[in-house]
Amino acid sequence: MTSETTLAPGQRDDAPVTTSKSVHSDRALLAEAITINRPAQELYAFWRDPANLAPIMENIQAIEKLDDRRSRWTVKAPAGREVTWDSVITEDVPGEAITWQSAPDADVANSGRIEFREVAGRGTVVRATIAYDPPAGALGQLIAKLFQREPRIQTRRDLKRFKQLMETGEVATAARTRKQLEEEQA
Amino acid sequence: MRALTWHGKHDVRVDTVDDPEIINPRDAIIKITATAICGSDLHLYDGYIPTMQAGDILGHEFMGEVVETGPKSTLRKGQKVVVPFTISCGSCYHCGKHQYSACDNGNPADNQDIGRELYGQPMSGLFGYSHMTGGYAGGQAEYVRVPFSDVGPIVVPDHIEDEKVLFLSDILPTGWMAAENAQIEPGDTVAVWGCGPVGLFAVQSAFLMGAERVIAIDHFPHRLELARKFGAEAINFEETKTYEALMEMTGGIGPDAVIDAVGLEAHGFFVDNVIDQIKASMFLGTDRTHSIRQAILACRKGGRVSMPAVYGGFVDKFPLGAFMEKGLTLKTGQTHVQHYMPGLLNAIVEEKIDTTFLISHRMALEDAPKGYKMFHDNQNEVTKVVLKPDFAIAAE
Ligand SMILES: NC(=O)c1ccc[n+]([C@@H]2O[C@H](COP(=O)([O-])OP(=O)(O)OC[C@H]3O[C@@H](n4cnc5c(N)ncnc54)[C@H](O)[C@@H]3O)[C@@H](O)[C@H]2O)c1
Ligand SMILES: [Zn+2]
Ligand SMILES: [Zn+2]
């Protein structure tokens, strides 16, 4: 479908680089794509407001808006601990993409990009790319464990909940009682 | 409330558990008036389906009265509804194509990983059918929480008896879709393996879709007799060499379409089946697949294979060569129940389809464990068990 007919030097095929066999799936770079049956603008607008994200993300305790570009993320860590960092939006293309990066003093340096691309008849392809760099030391190990608890699966589940909320207005749960739901979310 | 819970192989009990509550805006709570035990439940009972947990509430064929609604439910208290076994959102791409059992959103995100690993993409949620399909509590209970109640449940007229419409929840649409997937053309001969509820509804549906002849295969005389009542010719595979009989009965051509309504627990002393059974018991394989093998071999060249029967894992000795060389077409899948409910409700109201013939036993919910055992041990006479929470418990 693209106009280029020959591959760039060093490029072996048309697959995303994140799916290369030489990128370890549980390491520092991952990408997940999902198709959501809603307009790109609506999905972008939801994602652009950090207050919306905590309920659909696993492990996230709170996301506090500091200003239009900055937000503070608090993540549940084992043994009742918390990890906090500030995140800064570095590129904002309305309706199309958001790129963010942790502030320089973050315990766990991380950056990411989410792109929204409309596809005729199917809604919008949402692609999230996440890169992070766990630090050394005891806390670093803790954080690494937290993030490396299958970060790809975590990201995929977060995107699934995003899709459920945007397409159906709710996040699917099998809980039979409110108590069960609370236990699941704890 | 009281509910039928799974505790392990051949161990189901009626326990007291917390009543369900409205959790999401589109939910409704249904007070169950009738629910049935399905052939698929026997796969759970026999321990063939992975990701079951002790205490899981079973049941995916049920109906009842709306007693509570979430703010986004379109149901009203007091309405009588039949609930499809597939939990589908109605708004994703697949629901838009009426492929309801492939819904992207009915299954909670955390439960979708297993389906992705096993099948490449996760399927919709199902009621009372393991955690791979969502871990939702089923309807063999006094009450049930129904998600997406604005899309799934169909409102039925108050004056229709429960028993006439209950099977809209699963087996009637399943038998119908099985016949539709057989892409029947006028003059066709259709062979159906298995005369359980699904096979029997497939027989009825095949005739309604214009099949000239239907040949039904089973080993239970009573079930074969029911198929014959609808006009099918019967083959008892214990008495008869099925393939030879089919070839002779179709003038050496083979049936134009074949329907496997047996599934992963095929009975019978066939060599391939016994090997499968040994492997299943040693955890080397999972599915016993004699019926689908035989169906593929018998099917005429260029014919159609429809497979409503449930398989969960991998199979050995699938006759891929025969399938390819003969140029067959296979259509299968969990039923897109919501798609078929309105049309089939009309067919019931207009008395074009008979459903109650199937029910052999009616019992109290409290007696459900006995119902499972009977359905499991005596399939000849026990064709369908309907459980009713307010049914007087039979005196012992
Ligand atoms: N696709 C779906 O959405 C869907 C829905 C409901 C049920 N099902 C599946 O459909 C299948 C049938 O369901 P049911 O409720 O009718 O089950 P059932 O157990 O009541 O009936 C199966 C019948 O097959 C017969 N049988 C066994 N081995 C045979 C063989 N080798 N040849 C011919 N017949 C044989 C049995 O004697 C029995 O009468 C099951 O696998 C069930 O899980 C699928
Ligand atoms: Zn069923
Ligand atoms: Zn859907």
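Residues numbered from 1 in each chain as written. Chains lettered and ligands numbered in written order. Predicted model: local features only at pLDDT ≥ 70, side-chain atom pairs only at ≥ 80, totals over all residues. Heavy atoms only, no water.

Draft legend 1. Focus on the coordination of the zinc ion (ligand 2). Residue and element names in this part refer to chain B. In the first shell of the zinc ion (ligand 2), the protein supplies Cys38 (SG), His60 (NE2), Glu61 (OE) and Asp170 (OD), at 1.8 to 2.6 Å from the metal. Classification of the site at the zinc ion (ligand 2) rests on its four donor atoms, whose angles at the metal span 81 to 137°, yielding the label irregular. Spacing between the donor residues of the zinc ion (ligand 2) along the chain follows C-x21-H-E-x108-D. Of this pair, Cys38 sits in the loop between strand S3 (28-37) and helix H1 (39-45) while Glu61 sits in strand S5 (residues 61-69), and the two are 23 residues apart along the sequence. Judged by relative accessible area, Glu61 falls into the buried class, the value being 0%. (Donors = N, O, S within 2.8 Å, 3.2 Å for Na, K, Ca; no water. Tetrahedral: all angles 85-135°; square planar, octahedral: opposite > 155°, others 65-115°. Helix = DSSP H or I, 4+ residues; strand = E, 2+ residues; numbered from the N terminus. Buried < 20%, exposed > 50% of the residue type's maximum accessible area, 1.4 Å probe, protein only.)

Draft legend 2. Quick peek at the sheet that holds strand S1 (residues 2-8) of chain B. Residue and element names in this part refer to chain B. In spatial order, the strands read S2-S1-S4; together these three strands make up an open sheet with antiparallel pairing. Where the open sheet ends on each side, the last strands, each with one partner, are strand S2 (11-16) and strand S4 (56-57). Here six bridges tie S1 to S2, and the two strands are oriented antiparallel to one another. Paired with Thr5 across the two strands is Arg13, which belongs to S2. Along the sheet, helix H13 (residues 368-377) contacts S1 and S2; its crossing angle with S2, the most-contacted strand, is approximately 160°. (Pairing = 2+ DSSP bridges. Contact = heavy atoms within 4.5 Å. Axes fitted to C-alpha atoms, helices over the stretch in contact; angles between N-to-C directions.)

Draft legend 3. How the structure looks around helix H3 (residues 112-119) of chain B. Taken residue by residue, H3 of chain B has Gln112, Asp113 and Gly115 of chain B as its buried positions. Axial view of H3 of chain B: buried residues confined to an arc of 165°, hence all on one face. Residues of H3 of chain B that are buried in the fold lie against helix H3 (151-168) of chain A. Of the residues flanking the end of H3 of chain B, it is Gly120 of chain B, one or two places downstream, whose phi is positive at about 95°. (Arc of directions from axis to C-beta.)

Draft legend 4. Representation of the interface of chain B and chain A in the model. Opposite the 34 residues of chain B that make contact, chain A presents 25 residues. Together chain B and chain A conceal approximately 2,500 Å² of surface at their shared face, both sides included; 45% is due to carbon and sulfur atoms. Looking only at chain B, the three residues that lose the most surface to chain A are Ile23, Tyr93 and Asn105 of chain B, adding up to 23% of its buried area. In this structure, the connection of chain B to chain A is made through five salt bridges. Measuring nitrogen to oxygen at the nearest pair gives 2.9 Å for the salt bridge that ties Lys163 of chain A to Asp104 of chain B. On inspection of chain B and its partner chain A, the count reaches 20 residue pairs in polar contact (both at pLDDT 80 or more). Examining the composition of the side of chain B that touches chain A, we find that three residues originate from one element, H3 of chain B, more than from any other. Each residue belonging to the side of chain B that touches chain A can be placed in one class, and the counts come to 16 nonpolar, eight polar and 10 charged. (Buried area = accessible area lost by both parts, 1.4 Å probe. Salt bridge = Lys/Arg side-chain N within 4 Å of Asp/Glu carboxyl O. Polar contact = N/O pair within 3.5 Å; in protein donor to acceptor, adjacent residues only side chain to side chain. Nonpolar A, V, L, I, M, F, W, Y, C, P; charged D, E, K, R; others polar.)

Draft legend 5. Quick look at the pairing of strand S12 (residues 213-218) of chain B. Residue and element names in this part refer to chain B. In terms of residue burial, S12 counts as a mostly covered element, since five of its six residues are buried. With five bridges joining them, strand S11 (residues 189-193) and S12 adopt parallel strand pairing. Within S12, the residue paired with Trp193 across the bridge is Ile217. At this point the chain moves from S11, through helix H6 (residues 197-208), to the parallel S12, and the crossover so formed is right-handed. For S12 and strand S13 (residues 233-236), the ladder comprises four bridges, and the chain directions are parallel. Bridging from a neighbouring strand, Asp218 pairs with Asn236 of S13. Handedness of the β-α-β unit built from S12, helix H7 (residues 221-229) and S13 comes out right-handed. (Right-handed = clockwise from strand over helix to strand, strands pointing away.)

Draft legend 6. Structural detail: the packing of H3 of chain A against H3 of chain B. It is at 11 Å that the axes of H3 of chain A and H3 of chain B come closest, and there the two elements cross at 110°. Between H3 of chain A and H3 of chain B, the angle falls in the class roughly perpendicular. Crossing of H3 of chain A against H3 of chain B: the hand is right-handed. Of H3 of chain B, the residues touching H3 of chain A (which contributes Ile153, Arg156, Arg157, Lys160 and Gln164 of chain A) are Gln112, Asp113 and Arg116 of chain B. Along the lines of polarity and charge, the residues of the contact of H3 of chain A with H3 of chain B split into one nonpolar, two polar and five charged. (Parallel < 35°, antiparallel > 145°, perpendicular 65-115°, else oblique. Left-handed = near helix turned anticlockwise from the far one by under 90°.)

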